Amino acid sequence: MISILHTILRGSRFLIFFLICINIFSNILIYIQPLYIGNLVGFFSSYGTIDVRYCIILFFLFISNSLLNALTNYCSQLLSQRFVLKLQLLVGRHIFNLSTLELAKYSNGELASRTISDITVAKNIVNPQVLSLPGTILLILCSTITIIIIDPILSLTTIFLLALILIISLISGKQISKLTKSIQQQYSHIGENIQKFASSAIFVKANNLETQSIKNYTLASESLFHSSKKLARILAILSPISSLAAQFFLIIVIFLGSVRIASNDLSYQSLAVIITFLLILVSPLGSFTSSISSIASAVTAFERLKPLTSDNQVTNTLTGNLELANSCYRLRFNNVSIQYSSCSPVVFQAMSFELPENGLVSVTGPSGSGKTTLALAAIGIVPPSEGQILYGTQTIEQLGGEFIREHLVSLVLQESPLYGRTLRESLTLGRNIPDSTVLRWFEPFGLTPFYRKLPDGLDSALSDLISDASAGEMQRLSIIRGFLRNTPIIILDEPTSHLDSQSERKVSDAIQMFAKNHTVVVISHRLEPIQNAVFNIQL
């Protein structure tokens, strides 16, 4: 947590220092107020009139403190927004660089929960109450010492009050931390339920599972409600208890003070100062308990965020270069074995082959034999347990996974989503590709009628297009996207699984045409797209 805060707050140290200094100065002004109020009471009790000088000084103290509070609130909000932005960027970068094995550890809604809910809670570490903690503690200590100096007997009430508030804060802080963790996990479950339904809505409706889905969602929501209610109850009780305790001890001080005044052991001026200090302490004590609550919830959020901010995530870099890429067209597996973990079975063992420089390559085998795993290993997403994967004479470790995927190999998965805001962005993936180059693939893939129906051509919104496009049209667009990347090698995973026989024939012809100048690896259970293969990999 300390290292994360150091990274996030690196550019905000001056602002934090400025806020702490303002708060300390504000609390000094608050500390001075009872002393002048005491002098005002003392002057009145001695001379029977009000000293205007003390009134003016108190007025300027109140105004100055109000202005400082306004400045503190603005700076605190600025710091809070900076904190959220930097933490979101830090977590986001790590999530996007996680390996597929790491991503598989998280449920559907958990990553969304951690990037939204946990970050919202984590920013409590820089809220105004926490940042005012040094000034609050200073005010409490100075006020307590002053009360002890004025009257040691009455100061015992203040010491008892502080001890009680501290005990309440520590007990409640532990409960708040536990409940906060539970609430964040329940947010994950709710997000997971929604995401599962959205990704498999047809399956749910086809099997009449709406009632079961609603039941699961209701249980998760009710569980969140009960945990939130417990937390709200603690927070609702915590501050009033602190205030009630302060008011109770204030009554005791007034009573004991009156007795001591009657016995001439205490002056009106001293009692006025003590009472004013106790009244002033009500707010800092409430702020102290709120700070403990905020810190407890923030620590819990940081614990959940820790796996997404550590430095041991997989990050690929472009370690190769374009000149090197020109000599790395030939993909070779040298005694490659893949096992996802020591507890899982071996996917395939001692696999060796070398792909031709151009032509159609087929990958066949029964379901579960590792065909898709082979494709993921070829592009550097799944590392080999044993053996080497080479492009030319360079291993994937030397080239780097990102370099391989950028310059050497494209992968089109069986369920490959359309990505981006428009059709153009989805097909080009942000690359500067002329429209003519994009559109020339629509005819071979039988998508010219589809294109003519688009309201804005390549600039048509993807959200509108997806609702009207068939699964076969979506699959063909994904293949076109892979072709437009124009890498020496392209891997197609079940490229005709959603197509009828006529469309399948067109796609197979387009693949054959592309294979004249590229190595096209086709993973398929169907014969049509691989019947002219020049090389076969049997799993």
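Our subject is the structure listed above.
Computed from a prediction, not measured in an experiment: that's the story for all the values here.

A short note on the overall build of the chain
Here is step 1 of the chain: Across its full length, the chain holds 21 helices and nine strands.
Here is step 2 of the chain: The buried share of the chain, taken over its 539 residues, is 45%.
Here is step 3 of the chain: Contacts in the chain between residues at least 24 apart in sequence constitute 79% of all its contacts with a sequence separation of at least 6.
Here is step 4 of the chain: Carbon and sulfur atoms make up 61% of the accessible area of the chain, which totals about 27600 Å².

Overview of a positive patch on the surface
Here is step 1 of the chain: A surface patch of positive charge is lined by Arg10, Arg13, Arg82 and Lys86.
Here is step 2 of the chain: Mapped onto the elements, Arg13 comes out in helix α2 (residues 13–47).

Focus: the sheet that holds strand β1 (residues 331–339)
Here is step 1 of the chain: Reading across the sheet, the four strands line up as β2-β1-β4-β5 and stay open at both edges, with antiparallel pairing between neighbours. Since the sheet does not close on itself, it has two edges, and those belong to β2 (346–354) and β5 (394–395), each with one partner.

Let's talk about the packing of α2 against helix α7 (residues 133–150)
Here is step 1 of the chain: The contact between α2 and α7 brings their axes to 8 Å, and the two run at 25°. Overall, the two elements α2 and α7 adopt an arrangement that is roughly parallel. The element α2 and its partner α7 pack so that their crossing is right-handed. Contact residues: α2 offers Ile20, Asn23, Ile24, Asn27, Ile30, Tyr31 and Leu35, while α7 offers Pro134, Gly135, Thr136, Leu138, Leu139, Cys142, Ser143 and Thr146.
Here is step 2 of the chain: When its residues are assigned to classes, the contact of α2 with α7 shows nine nonpolar, six polar and no charged.

Looking at the side chain of Glu494
Here is step 1 of the chain: By the element assignment, Glu494 lies in the loop between β7 (489–493) and α21 (501–514).
Here is step 2 of the chain: Buried and unpaired, Glu494 has no salt bridge, with Lys371 as the nearest side chain of opposite charge at 5.6 Å.
Here is step 3 of the chain: In contact with Glu494, other than residues within four places in its own chain, are Gln414, Gln475, Ile523, Ser524 and His525.

As for the sheet that holds strand β6 (residues 409–412)
Here is step 1 of the chain: Spatially, the five strands line up as an open sheet ordered β6-β7-β8-β3-β9, and their pairing is parallel. Strand pairing shows two members of the sheet lacking a second neighbour, β6 and β9 (535–538), which therefore form its edges. For this sheet, the mean inter-axis angle between neighbouring strands, taken without regard to orientation, is 15°.
Here is step 2 of the chain: Relative to strand β8 (residues 519–523), strand β3 (residues 359–364) runs parallel, the two being bridged by five bridges. Opposite Gly359, over in β8, you have Thr519 as the bridge partner.
Here is step 3 of the chain: Those strands touched by α21 are β3, β7 and β8, and its axis lies near 145° from that of β8.

Side note on a nonpolar patch on the surface
Here is step 1 of the chain: Residues Val52, Ile56, Phe59, Phe60, Ile63 and Leu67 make up a contiguous nonpolar surface patch of roughly 610 Å² in combined accessible area.
Here is step 2 of the chain: Residue position: Phe60 is located in helix α3 (residues 52–96).

A word on the packing of aromatic side chains
Here is step 1 of the chain: Applying the stated criterion to the full structure yields 11 aromatic pairs.
Here is step 2 of the chain: For the ring pair Phe59 and Phe60, a centre distance of 5.8 Å and an interplane angle of 75° mean the geometry is edge-to-face.
Here is step 3 of the chain: When its relative accessible area of 48% is taken as the criterion, Phe59 is described as partly exposed.
Here is step 4 of the chain: Ring pairing ties together the aromatic residues Trp441, Phe445, Phe483 and Phe514, which thus form one cluster.
Here is step 5 of the chain: The aromatic ring of Tyr54 is capped on one face by Arg53, whose charged end is 6.0 Å from the ring centroid.

Observations concerning the environment of Gln77
Here is step 1 of the chain: When you line up the elements, Gln77 lands in helix α3.
Here is step 2 of the chain: Gln77 sits in the partly exposed class, given a relative accessible area of 48%.
Here is step 3 of the chain: Separated by 49 residues in sequence, Gln77 and Val126 have C-alpha atoms that sit 9.3 Å apart.

Digging into unusual backbone geometry
Most peptide bonds take the trans form, and the phi angle of most residues other than glycine is negative.
Here is step 1 of the chain: Although it is not a glycine, Ala350 adopts a positive phi angle of roughly 50°.
Here is step 2 of the chain: Tracing the backbone shows Ala350 in strand β2.

Quick look at the pattern of salt bridges
Here is step 1 of the chain: Within the structure shown, the criterion is met by seven salt bridges.
Here is step 2 of the chain: Note that Arg53 is salt-bridged to Asp51, the shortest N-O span being 2.8 Å.
Here is step 3 of the chain: Linking Arg424 and Asp459 is a salt bridge whose minimum nitrogen-to-oxygen distance equals 3.0 Å. Taken together, the positions of Arg424 in helix α16 (residues 423–428) and Asp459 in the loop between α18 (448–452) and α19 (462–468) put the pair 35 residues apart, joining distant regions of the chain.
Here is step 4 of the chain: For Arg424, a relative accessible area of 26% gives the class partly exposed.

Quick look at the pairing of β8
Here is step 1 of the chain: A large share of β8 lies buried, amounting to five of its five residues.
Here is step 2 of the chain: Side chains of β8 alternate between two faces, with Thr519, Val521 and Ile523 and Val520 and Val522 buried alike.
Here is step 3 of the chain: Crossover handedness for the path β7 to α21 to β8: right-handed.

A short note on the packing of α2 against α3
Here is step 1 of the chain: Two elements in contact, α2 and α3, have axes whose closest approach is 9 Å; the angle formed by their N-to-C orientations is 160°. Taken together, the axes of α2 and α3 are roughly antiparallel relative to one another. Where α2 crosses over α3, the handedness of that crossing is left-handed.
Here is step 2 of the chain: Considered class by class, the residues forming the contact of α2 with α3 number 24 nonpolar, eight polar and one charged.

Considering the side chain of Ser460
Here is step 1 of the chain: With respect to the secondary-structure elements, Ser460 resides in the loop between α18 and α19.
Here is step 2 of the chain: Only 2.8 Å separates the side chain of Ser460 from the backbone oxygen of Gly457, close enough to count as a polar contact.
Here is step 3 of the chain: Setting aside residues no more than four positions away along its own chain, Ser460 makes contact with Arg421, Thr422, Leu423, Leu454 and Pro455.

Points about helix α13 (residues 371–378)
Here is step 1 of the chain: Counting buried residues along α13, seven of its eight residues qualify, which places the element largely inside the surrounding structure.
Here is step 2 of the chain: Of all the positions in α13, only Lys371, Thr373, Leu374, Ala375, Leu376, Ala377 and Ala378 are classed as buried.
Here is step 3 of the chain: Gly380, located one to two residues past α13, shows a positive phi value of around 85°.

So, the environment of Arg485
Here is step 1 of the chain: Topologically, Arg485 is positioned in helix α20 (residues 471–485).
Here is step 2 of the chain: For the pair formed by Arg485 and Arg431, sequence separation is 54 residues and the distance between their alpha carbons is 8.7 Å.
Here is step 3 of the chain: Residues within four places of Arg485 in sequence aside, it is in contact with Arg405, Glu406, Val409, Ser410, Leu429 and Arg431.

Each value, and the rule that gives it
- Residues numbered from 1 in each chain as written.
- Predicted model: local features only at pLDDT ≥ 70, side-chain atom pairs only at ≥ 80, totals over all residues.
- Heavy atoms only, no water.
- Helix = DSSP H or I, 4+ residues; strand = E, 2+ residues; numbered from the N terminus.
- Buried < 20%, exposed > 50% of the residue type's maximum accessible area, 1.4 Å probe, protein only.
- Contact = heavy atoms within 4.5 Å.
- Areas by Shrake-Rupley, 256 points an atom, 1.4 Å probe, with all protein chains shown as cover.
- Patch = residues over 30% accessible without salt bridge, like charges linked within 9 Å, V, L, I, M, F, W, Y side chains within 5 Å.
- Salt bridge = Lys/Arg side-chain N within 4 Å of Asp/Glu carboxyl O.
- Lys, Arg positive; Asp, Glu negative; His and termini not counted.
- Charge placed at Lys NZ, Arg CZ, Asp CG, Glu CD.
- Pairing = 2+ DSSP bridges.
- Axes fitted to C-alpha atoms, helices over the stretch in contact; angles between N-to-C directions.
- Parallel < 35°, antiparallel > 145°, perpendicular 65-115°, else oblique.
- Left-handed = near helix turned anticlockwise from the far one by under 90°.
- Nonpolar A, V, L, I, M, F, W, Y, C, P; charged D, E, K, R; others polar.
- Phe/Tyr/Trp six-rings, centres within 6.5 Å; stacked < 30°, edge-to-face > 60°.
- Lys NZ or Arg CZ within 6 Å of the ring centre and 35° of its normal.
- Right-handed = clockwise from strand over helix to strand, strands pointing away.
- Polar contact = N/O pair within 3.5 Å; in protein donor to acceptor, adjacent residues only side chain to side chain.

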